[in-house]
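# Per-entry structural report
So you can see what is in the structure, the chains are spelled out below.
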Amino acid sequence: MQSQDKKLAQQERSKDLFALSNQLFATAKTLTKYHAAELNNNMAYALSYAQTAAHQDITQLKALQSAVAAEAAKRMGVYQAKVKVILDQMDGKTSDKHLKEARSILADWYKDAKKKIPQGAGQLGQVAHEVADVGIKALKAGCKLVNEAAAIAEKRVKKASKKGASKANKAIVKKPSIKKTSLKKVVVKKTPAKKVSASITPPSKELPT
């Protein structure tokens with residue numbers, strides 16, 4: 001009974017770990033998407049800056065810098081709000097060490113991002129990478145439990161088959177050896193036929209008168 005309960009607990013645990021790894025991979029994918037968008041915006045800004053600088057228009061250059069900073073801060077606010085939603089979803093669900101690690105990574109970024117606007121957006125790629133790593137750890141832990149359960153099941157099957165084979169061997173009854181009895185030939189003695197005495201004369205036939 002105890003082994004059955006342990007097996008069920010392992011199954012539930014592995015399911016939880018797989019679900020958690022999927023959640024963390026989805027989070028990492030979202031963060032990667034934000035980071036990619038930020039990189040594209042930075043590239044567009046760099047191009048605009050280069051074009052403006054070429055005209056040596058200081059007033060326009062300052063205006064561009066202000067506009068870019070304002071847009072970056074606005075995007076950063078969106079990223080923070082979305083990460084806060086993810087953190088709220090993670091809170092109080094489970095005491096799993098993988099979830100705690102991922103939550104800690106996101107929480108640290110969330111706190112630092114407020115101080116580093118708009119530079120905090122540049123760290124999204126690293127945060128996404130770290131969260132994905134935690135997801136991989138959770139996935140490996142789930143796979144390990146599944147493999148352990150499979151190994152235990154295989155051992156039990158082998159043990160049961162060995163027991164069955166030994167019982168079958170004991171159940172086999174040895175057949176008694178039948179001794180061949182030699183059949184004696186029955187010799188039938190032939191009795192000699194009695195000889196008819198020659199002295200006995202056959203009755204004479206009387207002639208009719």
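Structure report, in brief. (Residues numbered from 1 in each chain as written. Predicted model: local features only at pLDDT ≥ 70, side-chain atom pairs only at ≥ 80, totals over all residues. Heavy atoms only, no water.)

Counting across every chain of the model gives 4 salt bridges. Between Lys84 and Asp88 there is a salt bridge; the shortest N-O distance is 2.9 Å. With a gap of 4 residues between them, Lys84 and Asp88 both fall in helix α2 (residues 58–90), about one helical turn apart. On the accessibility criterion, Asp88 (43% relative accessible area) is partly exposed. When the shortest N-O distance is used, the salt bridge between Glu101 and Lys137 registers 3.2 Å. Of this pair, Glu101 sits in helix α3 (residues 97–115) while Lys137 sits in helix α4 (residues 124–171), placing them 36 residues apart in sequence. (Salt bridge = Lys/Arg side-chain N within 4 Å of Asp/Glu carboxyl O. Helix = DSSP H or I, 4+ residues; strand = E, 2+ residues; numbered from the N terminus. Buried < 20%, exposed > 50% of the residue type's maximum accessible area, 1.4 Å probe, protein only.)

In this fold, Thr52 is placed in helix α1 (residues 2–54). According to the relative accessible area criterion, Thr52 is buried, its value standing at 9%. The contacts of Thr52, once residues within four sequence positions are left out, are Asp57, Gln60, Leu61 and Leu64. (Contact = heavy atoms within 4.5 Å.)

This brings us to the nonpolar core. For soluble globular proteins, nonpolar side chains are generally found buried alongside one another. Ranked by size, the top nonpolar core spans 27 residues in total, and within it Leu31, Leu106, Trp109 and Val131 carry the most contacts. Looking at this core, the elements that each hand over two or more residues are α1, α2, α3 and α4. Excluding anything up to four places from it in sequence, Leu106 contacts Thr27, Leu31, Val83, Ile86, Leu87, Met90, Val127 and Val131. (Core = buried A, V, L, I, M, F, W, Y, C linked by side-chain atoms within 4.5 Å.)

Here we take up α3. When the terminal C-alpha atoms of α3 are compared, their 28 Å separation across 19 residues agrees well with the 27 Å that a helix rising 1.5 Å per residue should span. Looking at α3, one finds that the buried residues are His98, Leu99, Ala102, Arg103, Ile105, Leu106, Trp109, Tyr110 and Ala113. Projection of α3 onto a plane perpendicular to its axis shows the buried side chains occupying an angular sector of 155°, all on one side. α3 presents Lys97, Lys111 and Lys115 as exposed residues on the side facing more than 90 degrees away from its buried surface. Sitting at the head of α3, Asp96 places a side-chain oxygen 2.8 Å from the backbone nitrogen of His98. (Expected span 1.5 Å × (residues − 1). Arc of directions from axis to C-beta. Polar contact = N/O pair within 3.5 Å; in protein donor to acceptor, adjacent residues only side chain to side chain.)

Per the stated rule, a full pass over the model turns up 2 aromatic pairs. When the centroid spacing of 5.1 Å and the interplanar angle of 25° are considered together, the rings of Tyr34 and Tyr79 count as stacked. Here Tyr34, found in helix α1, pairs with Tyr79, found in helix α2; they are 45 residues apart in sequence, far enough to count as distant. Taken as a pair, Tyr34 and Tyr79 share a single burial class, namely buried. (Phe/Tyr/Trp six-rings, centres within 6.5 Å; stacked < 30°, edge-to-face > 60°.)

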